[in-house]
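In case you want the letters, here they are:
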Amino acid sequence: MYMFSKSLEERCNRILRDMEGSLTARDRVGIQDFVLLDAYTSESAVLDNLRKRFNENLIYTYIGTLLVSVNPYKELGIYTKKQMDIYMGVNFFELPPHIYALADNVYRTMLTETNNHFILISGESGAGKTEASKKILQFYAVSCPSTKLLDNVRDRLLLSNPVLEAFGNAKTLKNDNSSRFGKYMDIQFDHMGGAVGGHILSYLLEKSRVVHQNHGERSFHIFYQLVEGGEEDLLRWLGLERNCQRYSYLVQGECAKVSSVNDKSDWKTVRKALSVIEFSESNIESLFAIIASVLHLGNVTFVADSQGYATLNNKNYRSTLPFQTLWKIEARSEEVLSPFTVDQAVYAKDALAKAIYGRTFTWLVNELNESLANKDSSRKTVIGLLDIYGFEVFSVNSFEQFCINYCNEKLQQLFIQLTLKSEQEEYEMEGIEWESVPYFNNKIICDLVEEKFKGIISVLDEECLRPGEATDMTFLEKLEEKMGGHAHFVTHKLADQKTRKTLERGDFRLLHYAGEVTYSVVGFLDKNNDLLYRNIKEVMRQSKNAIVKHCFPSTEPDSKKRPETVATQFKSSLVGLTEILMSKEPWYVRCMKPNEGKQPGLFDDVLVRHQVKYLGLMEHLRVRRAGFAYRRRYEIFLQRYKPLCPDTWPNWKGTAAEGVECLVKHLGYKPDEYKMGRTKIFIRHPRTLFATEDAFEVCKHELATRIQAKYKGYRVKGDYMRQRQAATKIETCWRGMKARREREKRAWAVKVIKRFIKGFMTRNQPACVDNTDYLAFVRQNYLTRLKENLPKTVVDKNTWLTPPPIMQEVSRSRELTLLEYFLTDHLIYLYCVCLPHVQLQIKGLTSSIFKGTKENYPHSVGIPFVDTRISKPHTFPQYSVPVVKYDRNGFRPRFRQLIYTGSAAYLVEEAKIKQRVEFNNLKGVSVSTLSDNFLILHVQCEDIKQKGDLVLQCDYLFEALTKLCLVANKHNFIKVVQGSVKFDIQPGREGFVDFKSGQETMIYRAKNGHLMVVSMKLKTVWPFNSQNEQIHFLNYY
Ligand SMILES: Nc1ncnc2c1ncn2[C@@H]1O[C@H](COP(=O)(O)OP(=O)(O)OP(=O)(O)O)[C@@H](O)[C@H]1O
Ligand SMILES: [Mg+2]
C-alpha cells in the first residue's frame, strides 16, 4: 500500500516541514483550523479568518476534520501531481488544509479500519462541489496502486465525469456548469487499496430544462456540444444544422454561447470518453439520435384545424421517422375520438421530450455502472462521493428548486445528526464528560416538507391524485389550510401586512435553514405528475432506436395503477440515500461562494456570512469546541512535544499516555485545562496549546543545535572509526604480505643455500643436477668479476683474471681465449677509431722510438699530441712547449719555453732567447728508460764559450720529442738510456744525470755532483683510463 511505501525519513521531513509551515502560518494567514480560533463563537472572527486566507489564495480551512472550501473562481496551481505527492500518506494536520489531505485521510482510514466512508460535499449552486468531487477522484486516480486492470477502471471512473456532466449539467444563472441532477458515486477499493470499481446513483434530473430555460440559462450541455462539435456526417445523418438558433429548445434562454464553456472541445472529450467506457458504436449512434430527435421535437409546431384540434404544422417532419410517431399519436387520438387541442399537443410533445431525455439519462447512468462494475465478489470497501445540487434561490423558484432545497435540508439534517453523534461518541469513547451544545435542528423544516399526510409533498400528491379539477391554486389553498400557522411556512394569505407585499398570490414561502425561498406553485402539479400519455409510451415501445426501446419497456406498469409522483419518488430516493450514508463514516466538505458574480478575488462579506450561517459552520465549530478545542492521540502529542520535558526527551520508556501525563505536568498545565481520554489528550483552550507550541518553537532551535552537534560528533567519530579500521586492515594486510614474502624468501634461501652447499660439495664431479647451479654461479661470478677487471690496454697482458678450475676445462678455456681475443680486438679497434690519421702517424713514430724502452711511454699513448702548447700553431714557431731547464752547473730548475722553428730549437724565458740550438748542431737526445720526463739535448759545441747540452724536464715529453724528430727531420737521434746519461756542461766538461726508480719522484743534486732523478715505478697502463677519457679524446678531435 502506498502509505507504507513512504520512507520514514520522508515522513519525518514532512512532519518537520509542516511544523514550520502550519505554526508560522498561524500568525501570517489566519488560522488553518477554526477550532483553534479563540473567539470561536464570533461569526465575524470566522469570517475574518476566511477572508484573510481567501485573500492569500488559501481557500481551504478546517473545522477539525471538516473542510471548508471557498471557490476561488481562478486556477491556483494547487492541484498538481507534485501537490498530490506531498499529501499522500501524510497525517491530516501535518500539512496546510487541502482537499487532497481530506481525500488521503479518508482513504487511509478506510484501509486501516476496513470500513466504508463517504464524503459529503455541500454548498450552494456554484460553490465548487462538482470541482471538489473531481479533485478527490483525480487524487485517487494518481495515489492508488496502479496495474493495467486498475488503470482501466481508473480511466472509466475519471471519464464518467465528462459524460455525466454533458448530459446532466447546464448553464444556470448561478453556475456555468451547474449539476442538474444529484450524484452519489461509490468508489470501490480492494484490500490492497486499488480502485477496482464504481457505482453511480443519480437523483432527480431537472428534465424540465429540456423544454424550457430561464433567460440567461441553457439546456443540457450535450445539445450544444452535438450541434457545435458534431462531425458533418453525423449532423447530416441526424438531419441537424450547425446552428443552435435553429432549435427552439435551445433558444429560450437566449444564451446558446457561453464564454466559459467550449462546446466543441467538450464534444471531443465526450466522444473519447464514450469510447473508453466502451459504449458500442450502435449505442453511441442511438444516443445521439435521441439527442437530435429531442431537438427536432422541439421544432414541431401545431396549428388548430377547422374543428380546433391540433394538426402538425411542420410538413418536413411527417416523413422523418422519429416524428411519424407523433403524427400517429394524433391520428390515433382522432381514432379514439379524443383529439388534442393545440395546447394539449404541445404539452404532450414537451412531456415526450422530457420523458425521452430523462429516461435516456437513467439509461446512461446504468450503462456507466455496467462499465464500472466490479465483477469480483471479494470484499470491497467504498468511499462515496456525494455531489448533489446545491441550495438554490432564483427570482422565480419552481418545483425543481423545491425538490433541490428539500434535498439540501435533508442533507443538513444528516450532517447535524452525524456531527453531533460522532462528537458525542468520541467523548464517550474517550471517557470524557459530554457537554451538550444548542444548535438549530432543521428537522422542523424537513417535517414540514415530508411528513406523512401533513407535509407539503403529501398535500401535493393528494392534489395530484384526487379526482376533480385540481389545479396549482387549489394545491396552494390546501397548503394554506394545512400549514397555516407553521413558523417556517407563509403565503400571501397567511402573511402579515409587511410580508404580504413581497409575495404573489400564487406563491408560498419556506423558511429554509439556508434562508427564505419563495416558490411559485405554477406547474407544481404537472411536474409532480410527470404524466406521459399511455399511447405515446406505446409508440415509443415500437421505436427502432435500441435505447428508446429499452427505456420504454413493455413490462412498465399500466396506467391503471398510477405511478408514484415525482416528489414521492424523490422523497423515497432521499430516504434511500440517507440510509446509504448513515451506514458509512462521514467526512464533510463545505463549499462556499465568495461572490455572486463568479469573480476571482472578490469576497462578499454578506454572502459569505450568510453561507457560514446556513451551512451550520458556527454550530459545528461550537460542537467541536464545546468540550475541548484540541485533541490528539497520545503518541502524536508526545512525539511532537517530548523535547519540552527532560524526562520524555529523547525517548520515553513507558506508555504514550504516561509520557503525555509527565509532559503536561512538566509544562504546568492546570487540571481544568486538559483531560486525559483513553487514547487522546483533550486540551480545553487554544491558548494552552499555543503556549506549548511557542515553547516548542524556542526549544526547537536549541534542539536543532544539540542534534546538529551530536550528529556532527557522530559523523566525525564514525569517520574516525572507519579510518582506524581501514588503517588496521591495511596494516594487517601489509604485515601479512611482508611475513609471507619473508617466509617465501627464507624458504627460497634455504633451498638455494642447500643447493649451493650440495653444489660446492660436488663441484669437482662431472656436471650433474646437484652442481649445475653452483657451477653456473661460479661461472657467473667469475664473469662478473672479469667484467669489472678487464685489462685496460692491449699491452696489458697480465691482468686477465685467473679463471676458477671449472672454467679451465677445455671447452671453457677455449671460450675464454675467444673472449680475450675479442677484447683485444675491441681495444685495438677503439684505439684506432679514436685516433685521427695524422695523429696515428705521429703516435706511430713515438711508438717506434719509445715502445718497450721507456717506462712511462704507455701513459703517453692515450694523450693526444697538440700542435703547440704555448702559441697558436700558424704563427712562427712550429711547436712550443713549457719545460723546466736544469742549470748545467748547479742543476737549479728554471721555467722556460722550448720552441721549435723550421731550423732550430730555442730555449726562451719570457720572450728572451736563452739558448738557440740549430738542428744541424743537435747531436742527439737522451731519455731514460724510466718514467721520468727528463730529456737531455746533446749539442755540437766547438767553442768553449758556447753553452753545452740542455737538461730539460717536459710534461709532454713524448709529444715534444716526436715533434722534434718531425721538425728536425731526424728520426733516429733519440736514445733511450738506462742508468746515467752523460752530457756536456761545456766542451770538455761533463755532467751526469742518474735515473733510478723509487717510492716517490725526486730530483736532486747527488753527492757525487750528478743530477739524481728518481721516478716512481709505473704499471703498464692502457692509454684510456676510463670511458670518459676516450670520449674526451674523441671530442678533442
Ligand atoms: N477549487 C476551484 N478552483 C478553481 N475554480 C473553481 C474551484 N471550484 C470551483 N471553481 C469554479 O467554480 C465553478 C462552479 O463550480 P462547481 O460546478 O463545482 O459548482 P457546484 O457547487 O457543483 O454547483 P452546482 O450546485 O450548480 O452544481 C467551476 O466551473 C469553476 O469555474
Ligand atoms: Mg455541481
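Along each chain, the written sequence defines residue order, and numbers are assigned to residues from 1. For naming, the first written chain is A and the first written ligand is 1, with later ones following in the order written. Only residues with pLDDT of at least 70 are given local features in this predicted model, and only at 80 or more are side-chain atom pairs given and counted; all residues enter the totals for whole chains, interfaces and linings. The side-chain figures draw on all heavy atoms in the structure; neither hydrogens nor water molecules are used.

Under an unreviewed UniProt entry, the name given to the chain is Myosin IHb, and the source organism is Oncorhynchus tshawytscha. UniProt positions are given in the numbering used here, feature names are shortened, and annotations may be inferred rather than shown by experiment. A UniProt comment under Sequence similarities (unreviewed entry) is attached to the chain, and it reads "Belongs to the TRAFAC class myosin-kinesin ATPase superfamily. Myosin family." In its Subcellular location (unreviewed entry) section, the UniProt entry covering the chain states "Cytoplasm, Cell cortex".

Please explain the overall build of the chain as it appears in this structure.
In this description a helix means any DSSP run of H or I spanning at least four residues, a strand means any run of E spanning at least two, and both kinds are numbered starting from the N terminus. Scanning the chain for helices and strands turns up 34 helices and 29 strands. Think of it in three bands: residues with accessible area under 20% of the maximum for their type are buried, residues over 50% are exposed, and the middle band is partly exposed, with areas taken using a 1.4 Å probe on protein chains only. When the 1037 residues of the chain are sorted by exposure, 51% land in the buried category. When checking whether two residues touch, look at their non-hydrogen atoms; a contact exists if any pair is within 4.5 Å. Long-range contacts, defined here as pairs at least 24 residues apart, represent 64% of the contacts in the chain between residues at least 6 apart. We get accessible surface area from the Shrake-Rupley algorithm with a probe of 1.4 Å; when it comes to residues, only the shown protein chains can shield them. For the chain, the exposed area adds up to about 51,500 Å²; of that, 54% sits on carbon and sulfur atoms.

What should I look at first to understand the coordination of the magnesium ion (ligand 2) in this one?
In a perfect tetrahedron of four donors around a metal, the angles come out at 109.5 degrees. In a perfect octahedron of six, they are 90 or 180 degrees. Any nitrogen, oxygen or sulfur atom within 2.8 Å of a metal ion counts as a donor, with the limit raised to 3.2 Å for Na, K and Ca, and since water is left out, coordination shells can look unfinished. Distances from the magnesium ion (ligand 2) to its protein donors, Thr-130 (OG1) and Ser-179 (OG), fall within 1.9 to 2.1 Å. In this pair, Thr-130 is assigned in helix α6 (residues 129-143) and Ser-179 in strand β5 (residues 178-179), connecting sequence segments 49 residues apart. Take Thr-130 and Ser-179: they sit in the same class, and that class is buried.

I would appreciate a short explanation of the pattern of salt bridges in the present structure.
Should their charged atoms come close, side chains of opposite charge can pair. Note on definitions: salt bridges are taken to be side-chain nitrogens of Lys or Arg within 4 Å of carboxyl oxygens of Asp or Glu. Evaluation of the coordinates by the stated rule reveals 52 salt bridges. With its nearest N and O atoms 3.4 Å apart, the salt bridge here joins Glu-43 to Arg-609. Of this pair, Glu-43 sits in helix α3 (residues 43-55) while Arg-609 sits in helix α24 (residues 605-614); the two residues are 566 residues apart in sequence, bridging distant segments of the chain. Residue Arg-609 is classed as partly exposed on the basis of its relative accessible area, which comes to 31%. Here Lys-665 and Glu-661 are joined by a salt bridge, their closest N and O atoms 3.6 Å apart.

Help me understand the site of ligand 1 in this model?
Any residue with a heavy atom lying within 4 Å of a molecule or strand is counted as near it. The environment of ligand 1 is made up of 18 residues, and the closest members are Ser-125, Gly-126, Lys-129, Thr-130 and Ser-178. Any N or O atom pair separated by 3.5 Å or less is treated as a polar contact, with the protein-specific requirement of one donor-capable and one acceptor-capable atom, and with residues adjacent in sequence counted only for side-chain atom pairs. Lys-129 places a side-chain nitrogen or oxygen 2.7 Å from an oxygen atom of ligand 1. When contributions to the shell around ligand 1 are tallied by element, the ones reaching two or more residues are α6 and β5. At three residues, the largest contribution of residues to the shell around ligand 1 is made by α6. Residues are sorted three ways: Asp, Glu, Lys and Arg are charged, Ala, Val, Leu, Ile, Met, Phe, Trp, Tyr, Cys and Pro are nonpolar, and all the rest, Gly among them, are polar. For the shell around ligand 1, the class distribution of residues is four nonpolar, ten polar and four charged.

I tried to follow the sheet that holds strand β17 (residues 680-683) on my own but got confused; where do I start?
By way of backbone hydrogen bonds, the strands of a sheet pair with one another, either parallel or antiparallel. Spatially, β15-β17-β16 is the arrangement adopted by the three strands of the open sheet, whose pairing is antiparallel. Pairing within the sheet leaves two strands with one partner each, and these edge strands are β15 (630-633) and β16 (674-676). The sheet shows a mean angle of 15° between the axes of neighbouring strands, direction not considered. For two strands to count as paired, DSSP must find a minimum of two bridges between them. Of the strand pairs in this sheet, β16 and β17 are connected by three bridges, and their pairing is antiparallel. Bridging from a neighbouring strand, Tyr-674 pairs with Ile-683 of β17. Under this scheme, a helix contributes an axis fitted over its contacting stretch, all axes are lines through C-alpha atoms, and angles between N-to-C directions fall in the 0 to 180 degree range. Its contacts with the sheet place helix α26 (residues 634-641) against β15, β16 and β17, and it is angled at close to 95° to β15. Of the strands in this sheet, β16 and β17 touch helix α27 (residues 656-667), which is tilted by about 160° from β16.

Would you mind going over the packing of aromatic side chains with me for this structure?
Geometry of aromatic contacts follows a simple scheme: Phe, Tyr and Trp rings, the Trp one being its six-membered ring, pair when their centres are within 6.5 Å, and the pair is stacked under 30 degrees between planes, edge-to-face over 60, tilted otherwise. For the structure on display, the rule yields 40 aromatic pairs. Taken together, a centroid distance of 6.1 Å and an interplanar angle of 65° make the contact between Phe-891 and Phe-983 edge-to-face. One end of the pair, Phe-891, is in the loop between β18 (879-886) and β19 (893-900); the other, Phe-983, is in strand β26 (residues 980-986), and 92 residues separate them in sequence. Accessibility assignment for this pair places Phe-891 and Phe-983 in one class, buried. For the ring pair Phe-934 and Phe-995, a centre distance of 6.3 Å and an interplane angle of 70° mean the geometry is edge-to-face.

Looking at this model, I keep getting lost on the nonpolar core. Mind explaining?
When a protein is soluble and globular, its nonpolar side chains tend to lie buried together. Definition of nonpolar core: a set of buried residues of the types Ala, Val, Leu, Ile, Met, Phe, Trp, Tyr and Cys, connected through side-chain atoms within 4.5 Å. Ile-119, Tyr-140, Phe-223 and Phe-508 are the most contacted members of the largest nonpolar core, which has 202 residues in total. With 14 residues, the top contributor of residues to this core is helix α14 (residues 342-372). In terms of nonpolar packing, the next biggest core, distinct from the first, is built from 36 residues, Phe-850, Val-939, Cys-965 and Val-967 among them.

Where do I start with a nonpolar patch on the surface in this structure?
Here the term patch refers to residues with relative accessible area over 30% and no salt bridge, with like charges joined within 9 Å and nonpolar side chains (Val, Leu, Ile, Met, Phe, Trp, Tyr) within 5 Å. Together, Ile-753, Ile-757, Phe-760 and Met-761 line one region of the surface with nonpolar side chains, adding up to about 420 Å² of accessible area. By relative accessible area, which is 48% here, Ile-753 ends up partly exposed.

Just to check I follow, could you spell out the sheet that holds β26 for this structure?
Strand order in the open sheet formed by four strands is β26-β27-β29-β28, and the pairing between neighbours is mixed. With partners counted over all chains shown, the strands left at the sheet margins are β26 and β28 (1002-1005), one partner each. Within the sheet, the average angular offset between the axes of one strand and its neighbour, ignoring direction, is 20°.

What's the story with the UniProt feature "binding site: ATP" (unreviewed entry) in the chain in this structure? I'm lost.
Within this numbering scheme, the UniProt entry marks Gly-123, Glu-124, Ser-125, Gly-126, Ala-127, Gly-128, Lys-129 and Thr-130 as carrying the feature "binding site: ATP" (unreviewed entry). Assignment of secondary structure puts Gly-126 in the loop between β3 (117-122) and α6. Ignoring sequence-local partners within four residues, the contact set of Gly-126 consists of Asn-71, Tyr-73, Lys-174, Asn-175 and Lys-593. Locating Lys-129 in the fold gives a position in helix α6. Ignoring anything within four residues of it in the chain, the contact list for Lys-129 reads Ile-121, Ser-122, Gly-123, Glu-124, Asp-387, Ile-388, Tyr-389, Gly-390 and Cys-591.

Hey, could you run me through a negative patch on the surface in this one?
Together, Glu-113, Glu-425, Glu-428 and Glu-585 line one region of the surface with negative charge. Along the chain, the position of Glu-428 falls in helix α15 (residues 399-430). We score Asp and Glu as negative and Lys and Arg as positive, and we do not count His or the chain ends. Charge placement uses NZ in Lys and CZ in Arg. For Asp and Glu, CG and CD serve respectively.

Even after reading the chapter, I still don't get α27, so can you show me in this structure?
Since there are 3.6 residues in each turn of an α-helix, residues three or four apart along the chain are aligned in direction. Take the number of residues in a helix, subtract one, and multiply by 1.5 Å to get its expected span. If you check α27, its first and last C-alpha atoms are 16 Å apart, about what twelve residues at 1.5 Å a residue would give, namely 16 Å. Ala-656, Gly-659, Val-660, Cys-662, Leu-663 and Val-664 are the residues of α27 that are buried. Those residues of α27 hidden inside the fold are in contact with α26, β16 and β17. Note on α27: the residue one or two positions beyond its end, Gly-668, has a positive phi of about 80°.

When you look at the packing of helix α7 (residues 148-168) against α14 in this model, what are you seeing that I'm missing?
When two helices pack together, their arrangement is captured by the angle between the axes and the distance separating the axes. Orientation of α7 relative to α14, taken along the N-to-C sense of each, is 175°, at an axis distance of 10 Å. In terms of their interaxial angle, α7 and α14 are classed as roughly antiparallel. On α14, the residues that touch Val-153, Arg-156, Leu-157, Ser-160, Val-163, Leu-164, Ala-166, Phe-167 and Gly-168 of α7 are Tyr-357, Phe-361, Leu-364, Val-365, Leu-368, Ser-371 and Leu-372. Considered class by class, the residues forming the contact of α7 with α14 number twelve nonpolar, three polar and one charged. The scheme is simple: roughly parallel for angles under 35 degrees, roughly antiparallel for over 145, roughly perpendicular for 65 to 115, oblique for anything else.

How should I be thinking about the pairing of β28 in this particular structure?
Two faces belong to every sheet, and in a regular strand the side chains alternate between them. Note: β28 against strand β29 (residues 1011-1016), four bridges, orientation antiparallel. Opposite Met-1002, over in β29, you have Val-1014 as the bridge partner. If you look at the hairpin formed by β28 and β29, you'll find five residues sitting between the two strands, and Gly-1009 has a positive phi there, around 85°.

Would you take a moment to explain unusual backbone geometry for this structure?
Trans is the common state for peptide bonds, and a negative phi is the common state for residues other than glycine. The omega angle of the peptide bond from Trp-649 to Pro-650 is 0°, so this bond is cis rather than trans. Topologically, Pro-650 is positioned in the loop between α26 and α27. Even without glycine at this site, Tyr-73 takes up a positive phi of about 55°. Among the secondary structure elements, Tyr-73 is positioned in the loop between β2 (66-70) and α4 (81-87).

Would you mind showing me how to read the packing of α7 against helix α9 (residues 221-229) here?
Close contact between α7 and α9 brings their axes to 5 Å; oriented N to C, the two are set at 100°. Classified by the interaxial angle, the pair formed by α7 and α9 is roughly perpendicular. Contacts between α7 and α9 involve Glu-165, Ala-166 and Phe-167 from the former and His-221, Ile-222 and Gln-225 from the latter. For the contact of α7 with α9, the residue count by class is three nonpolar, two polar and one charged.

Is there a simple way to think about the confidence of the model for the chain in this case?
In low-pLDDT segments, the atomic positions of the prediction should not be examined closely. Per-residue confidence from the predictor is reported as pLDDT, which spans 0 to 100. Taken residue by residue, the chain gives an average pLDDT of 84. The fraction at 70 or more is 90%. Within the model, the stretch residues 1-9 combines pLDDT values under 50 with 17 contacts to residues more than four positions away or in other chains. Taken together, the stretch residues 1022-1037 has pLDDT below 50 and engages in 31 contacts with residues farther than four places along the chain or on a different chain.

What should I look at first to understand the side chain of His-296 in this one?
Topologically, His-296 is positioned in helix α12 (residues 281-299). Judged by relative accessible area, His-296 falls into the buried class, the value being 10%.

How do you make sense of the environment of Ser-371 when you look at a structure like this?
Tracing the backbone shows Ser-371 in helix α14. Measuring from C-alpha to C-alpha, the distance between Ser-371 and Phe-279 comes to 8.5 Å, with 92 residues separating the pair along the chain. Apart from the residues within four sequence positions on either side, Ser-371 is in contact with Arg-156 and Ile-277. There is a polar contact of 3.3 Å between the side chain of Ser-371 and the backbone oxygen of Ile-277.

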